[in-house]
Amino acid sequence: MEIQFNKPYLTGKETDYLQEAVATGKISGNGMFTKKCQSILENITETPKVLLTTSCTDALEMCAILMDIQEGDEVIMPSFTFVSTANAFILRGAKIVFVDSRADHPGMDEEKVDELITGKTKAIVAVHYAGVACDMEKLRSIADRHNIFLVEDAAQAIQSKFKWLDGTVENLGSIGDLSALSFHETKNIQCGEGGALLINKTEFEKRAEIIWEKGTNRTAFWRGEVDKYGWVDIGSSFLPSELSAAFLYSQLENVESIQKRRLEIWEQYHLGLKPLFETEKVRPPFIPTYATNNAHMFYLVCASEEERMSLITHLKTVDISAVFHYQSLHASSYFENKHDGRPLPWADTYSSCLVRLPFHLHLTNDEVDRIVDSINTFYD
Ligand SMILES: *Cc1c(COP(=O)(O)O)cnc(C)c1O
């Protein structure tokens, strides 16, 4: 039996809640299930205000609109990320300034951010790769010093935390001025396609609701704050239907048990591959002391692109699907001519050497053992 790279997990309650949503007779957005999901998310991320969106991409587009990104504004972000991190700001006319990854981790190199700031820099977008926190202490202080925004692309980072030097622990998504989560079917908690905007600055709240509702004040109207609603700003259709929210609700109700099992799988991989990591032939996932592990992903960093290709092929022959990940955005066909030419060697290294192992809740302990054995056999 083939071991798939990803197989979306269902809690079993999804269809019950879908039927319940249909029975209410109102399945457009911002209904009961949307409110329930938003309230759970506000609790688990400890953020003051959450709006469900149709995707993380949409939540990032809302961030760009809320920060009033204009033609020529500069936004700093890692090159080793998903296209949506950049597209959301490109759509508003921003110039993207890519940062390299860290030597010890695919996340952005916080040390290289300060030197890229100019009078035109509007925001830094921190991407928590594999759900592992960026050094938010450094990024927050750079953003504050230059009086620019800090956004978290927390697509992969649900239930992950950051530990400040003073010992305080905060949830990822609650530190940036604005943050985005993803509930795409490849993420820990999913509804096929979905996301959320996390608003940590109260001055964004009113406008966020308007942008979310196609530029109208319909949300305030529903609350009885205005007697009719109309067009008051730019916006789009960023809110998901109640069907997506109903599905998502069943997942959010089970976030603790889902996370518990994901962490077990992650630990089993880590333990099984420990002797291999000790040989230093491949690098394990790295989790800095200020970060926690939300078991979003288990990746290895091979010594070369050829070795990665052979490993993926070897695993394929024993019916295991392992995959590589992002290709550096600064070197993409869309962006290569727009990039300022700075070499970003670590982003390129992870583009060519990183491999992700199957990771989903249908994996059995025996299957994880089989994957570990196959990798060990390859390196023996
Ligand atoms: C998945 C992902 C996205 C996009 O999420 P969607 O919900 O599919 O729009 C953006 N950024 C990162 C880092 C991601 O992993």
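Residues numbered from 1 in each chain as written. Predicted model: local features only at pLDDT ≥ 70, side-chain atom pairs only at ≥ 80, totals over all residues. Heavy atoms only, no water.

## With respect to the pattern of salt bridges
Turning to step 1, where the next piece is worked out: Scanning the entire structure with this criterion turns up 20 salt bridges.
Turning to step 2, where the next piece is worked out: With its nearest N and O atoms 3.6 Å apart, the salt bridge here joins Lys95 to Glu74. Of this pair, Lys95 sits in strand β3 (residues 95-99) while Glu74 sits in strand β2 (residues 74-78), placing them 21 residues apart in sequence.
Turning to step 3, where the next piece is worked out: Two residues, Arg140 and Asp144, come together in a salt bridge whose shortest N-O distance is 3.0 Å. Residue Arg140 and its partner Asp144 are both found in helix α5 (residues 136-146); the two are separated by four residues, about one turn of the helix.
Turning to step 4, where the next piece is worked out: Through salt bridges that share partners, Lys49, Glu209, Arg223 and Glu225 make up one connected network. (Salt bridge = Lys/Arg side-chain N within 4 Å of Asp/Glu carboxyl O. Helix = DSSP H or I, 4+ residues; strand = E, 2+ residues; numbered from the N terminus.)

## As for the domain arrangement of the chain
Turning to step 1, where the next piece is worked out: In terms of domain boundaries, the chain breaks down into domain 1 (14-252) and domain 2 (255-379).
Turning to step 2, where the next piece is worked out: For domain 1 and domain 2, the distance between their C-alpha centroids amounts to 26 Å.
Turning to step 3, where the next piece is worked out: The partner domain 2 presents 35 residues to the 42 residues of domain 1 that form the contact.
Turning to step 4, where the next piece is worked out: Across the interface of domain 1 and domain 2, roughly 3,500 Å² is buried in total on both sides, 59% from carbon and sulfur atoms.
Turning to step 5, where the next piece is worked out: Of all residues in domain 1, the largest losses of buried area upon contact with domain 2 belong to Phe80, Phe98 and Asn188, amounting jointly to 19% of the total for that side.
Turning to step 6, where the next piece is worked out: Where domain 1 meets domain 2, there are zero salt bridges.
Turning to step 7, where the next piece is worked out: Mapped by element, the contributors of at least two residues to the side of domain 1 that touches domain 2 are α4 (83-90), β3, β6 (161-163) and α8 (242-253).
Turning to step 8, where the next piece is worked out: Ranked by residue count, the leading element in the side of domain 1 that touches domain 2 is β3, at four residues.
Turning to step 9, where the next piece is worked out: Split by residue class, the side of domain 1 that touches domain 2 holds 23 nonpolar, 11 polar and eight charged. (Domains from an automatic or database assignment. Contact = heavy atoms within 4.5 Å. Buried area = accessible area lost by both parts, 1.4 Å probe. Nonpolar A, V, L, I, M, F, W, Y, C, P; charged D, E, K, R; others polar.)

## A few points about the nonpolar core
Turning to step 1, where the next piece is worked out: Of all hydrophobic cores here, the largest spans 125 residues; its most connected members are Leu41, Phe89, Ile124, Phe183, Tyr269 and Ile375.
Turning to step 2, where the next piece is worked out: Among residues more than four places away in sequence, those in contact with Phe183 are Leu41, Leu52, Ile158, Ile189, Gln190, Cys191, Gly192, Glu193, Gly194, Gly195, Ala196 and Leu248. (Core = buried A, V, L, I, M, F, W, Y, C linked by side-chain atoms within 4.5 Å. Buried < 20%, exposed > 50% of the residue type's maximum accessible area, 1.4 Å probe, protein only.)

## Brief notes about the site of the ligand
Turning to step 1, where the next piece is worked out: Surrounding the ligand, one finds 14 residues, the nearest of these being Thr57, Asp153, Gln156, Ser182 and Lys187.
Turning to step 2, where the next piece is worked out: The separation between an oxygen atom of the ligand and a polar side-chain atom of Ser182 is 2.7 Å.
Turning to step 3, where the next piece is worked out: Note that an oxygen atom of the ligand is positioned 3.5 Å from one of the backbone N or O atoms of Gly194.
Turning to step 4, where the next piece is worked out: Here the ligand, which alone exposes 390 Å², has 93% of that area covered by the protein.
Turning to step 5, where the next piece is worked out: Looking at the shell around the ligand residue by residue, the class counts come to five nonpolar, seven polar and two charged. (Near = heavy atom within 4 Å. Polar contact = N/O pair within 3.5 Å; in protein donor to acceptor, adjacent residues only side chain to side chain. Areas by Shrake-Rupley, 256 points an atom, 1.4 Å probe, with all protein chains shown as cover.)

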